[in-house]
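# Architecture and fold: a report
For reference, the chains in residue letters:
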Amino acid sequence: AGTMLSAITDNAIDLTNIVEDLLTAARAQMGSLTIIPDSVALRPLISRVVESSSGTAHHVVVNGPSATVLADESRVRQILRNLISNAQRYGGHQIHIATQLDRRHVSIRVSDNGDGIPQNDQERIFAPYESAHDAGTQPGSLGLGLTISRSLARLMGGDLSYQRHDGWTTFDLRLPLLVTQVPDAAEPAVELEPV
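Presented here is an overview of the structure given in this document. (Residues numbered from 1 in each chain as written. Predicted model: local features only at pLDDT ≥ 70, side-chain atom pairs only at ≥ 80, totals over all residues. Heavy atoms only, no water.)

So, on to the packing of helix α2 (residues 42-52) against helix α3 (residues 73-90). Where α2 meets α3, the axes come as close as 10 Å, and the angle between the chain directions of the two elements is 50°. In terms of axis orientation, α2 runs oblique to α3. Here α2 and α3 pass one another in a crossing that is right-handed. Between α2, through Leu42, Leu45, Ile46, Arg48, Val49 and Val50, and α3, the contact on the second element is made entirely by Glu73, Val76, Arg77, Leu80, Arg81 and Ile84. Partitioned by chemical class, the residues of the contact of α2 with α3 number eight nonpolar, no polar and four charged. (Axes fitted to C-alpha atoms, helices over the stretch in contact; angles between N-to-C directions. Helix = DSSP H or I, 4+ residues; strand = E, 2+ residues; numbered from the N terminus. Parallel < 35°, antiparallel > 145°, perpendicular 65-115°, else oblique. Left-handed = near helix turned anticlockwise from the far one by under 90°. Contact = heavy atoms within 4.5 Å. Nonpolar A, V, L, I, M, F, W, Y, C, P; charged D, E, K, R; others polar.)

Next up, the structure:
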């Protein structure tokens, strides 16, 4: 009964996320997508998104300095949810989320040790309804998550890009810092083991 309840819960979360992405895409297409910038502390938000992710059978490490960005918290959460969900569905069993500061921006890098995306598909994955993977093997995937995520990042004065380096697939979300911050010593890494 516990396994069935867990599966129902996971499916309900996936359905809610799909509906949120579809509504966001529709609003963006109509030009009525709104961004409400505010101060957003990244480390607590990242931790909440990771803890609420339905695919907990991954080893997740979160590290890097604290930072506060000027962004819409609900939209940053939506982007992070899409990136973590992609890593869980298509990536390897290890997921690393790291923050890195420069003088004006913070990068949130969501990396996994999976196979990566073929060279020819690396920009195409940001187009609506596109995927570098067989959608038939991944229920609950419409091919909108990366399109929406990049659009939201750009509306907030940032960007979203893909890179492959040393056996790791990385999506790099850049957002503007709230104020100029000097990078602190990194907070201790948080490791979340598979349940």
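We are not done yet, so read on.
On to the side chain of Thr169, then. Topologically, Thr169 is positioned in strand β7 (residues 168-176). Side-chain polar atoms of Thr169 contact the side chain of Arg164, separated by 2.8 Å. Each residue touching Thr169, except ones within four places of it in the same chain, is listed here: Val110, Ser111, Asp112, Gly114, Asp115, Gly116, Tyr162, Gln163 and Arg164. (Polar contact = N/O pair within 3.5 Å; in protein donor to acceptor, adjacent residues only side chain to side chain.)

With that settled, the discussion passes to α3. In a regular helix each residue adds 1.5 Å, so 18 residues correspond to 26 Å; α3 covers 26 Å between its end C-alpha atoms and thus fits that length. Here α3 lies mainly inside the structure; 13 of its 18 residues are buried. (Expected span 1.5 Å × (residues − 1). Buried < 20%, exposed > 50% of the residue type's maximum accessible area, 1.4 Å probe, protein only.)

A word on the pairing of strand β3 (residues 68-71). Burial of β3 is one-sided: the residues Val69 and Ala71 facing one way are buried, the residues Thr68 and Leu70 facing the other way are not. Relative to β3, strand β1 (residues 38-41) is paired through four bridges, and the arrangement is antiparallel. Opposite Val40, over in β3, you have Val69 as the bridge partner. (Pairing = 2+ DSSP bridges.)

Right, let's talk about the pattern of salt bridges for a bit. Taken as a whole and judged by the stated rule, the model has four salt bridges. When the shortest N-O distance is used, the salt bridge between Glu73 and Arg48 registers 2.8 Å. Remark: Arg48 occurs in helix α2 and Glu73 occurs in helix α3; sequence separation between them is 25 residues. (Salt bridge = Lys/Arg side-chain N within 4 Å of Asp/Glu carboxyl O.)

On to the nonpolar core, then. Residues Ile97, Phe171 and Leu173 are the most contacted members of the largest nonpolar core, which totals 39 residues. The element that contributes the greatest number of residues to this core is α3, accounting for six residues. In contact with Leu173, other than residues within four places in its own chain, are Ile79, Leu80, Leu83, Val106, Ser107, Ile108, Ala153, Asp159 and Leu160. (Core = buried A, V, L, I, M, F, W, Y, C linked by side-chain atoms within 4.5 Å.)

Within a regular strand, the side chains alternate between the two sheet faces. When strand β6 (residues 159-165) meets β7, the two strands line up antiparallel, connected through seven bridges. Directly across from Arg164, in β7, lies its bridge partner Thr169.

Most of helix α4 (residues 145-155) sits out of view: eight of its eleven residues are buried. Gly157 lies just past α4 and shows a positive phi near 85°.

On to the packing of α3 against α4, then. Following both chains from N to C, one finds α3 and α4 inclined at 145°, their axes separated by 9 Å at the closest point. Read as a crossing pair, α3 and α4 show a hand that is left-handed. Mapping the contact onto sequence places Arg75, Gln78, Ile79, Asn82, Leu83 and Asn86 in α3 and Gly145, Leu146, Ile148, Ser149, Leu152 and Ala153 in α4. For the contact of α3 with α4, a count of residues per class yields six nonpolar, five polar and one charged.

Time to look at the environment of Ser74. Its place among the elements puts Ser74 in helix α3. One polar contact links Ser74 to Asp72, side chain to side chain, over a distance of 2.8 Å.

What follows concerns the environment of Ile117. Tracing the backbone through its elements, the reader meets Ile117 in the loop between β5 (105-112) and α4. Separated by 26 residues in sequence, Ile117 and Gly91 have C-alpha atoms that sit 9.7 Å apart.

Shape is all these values report; function is a separate question.
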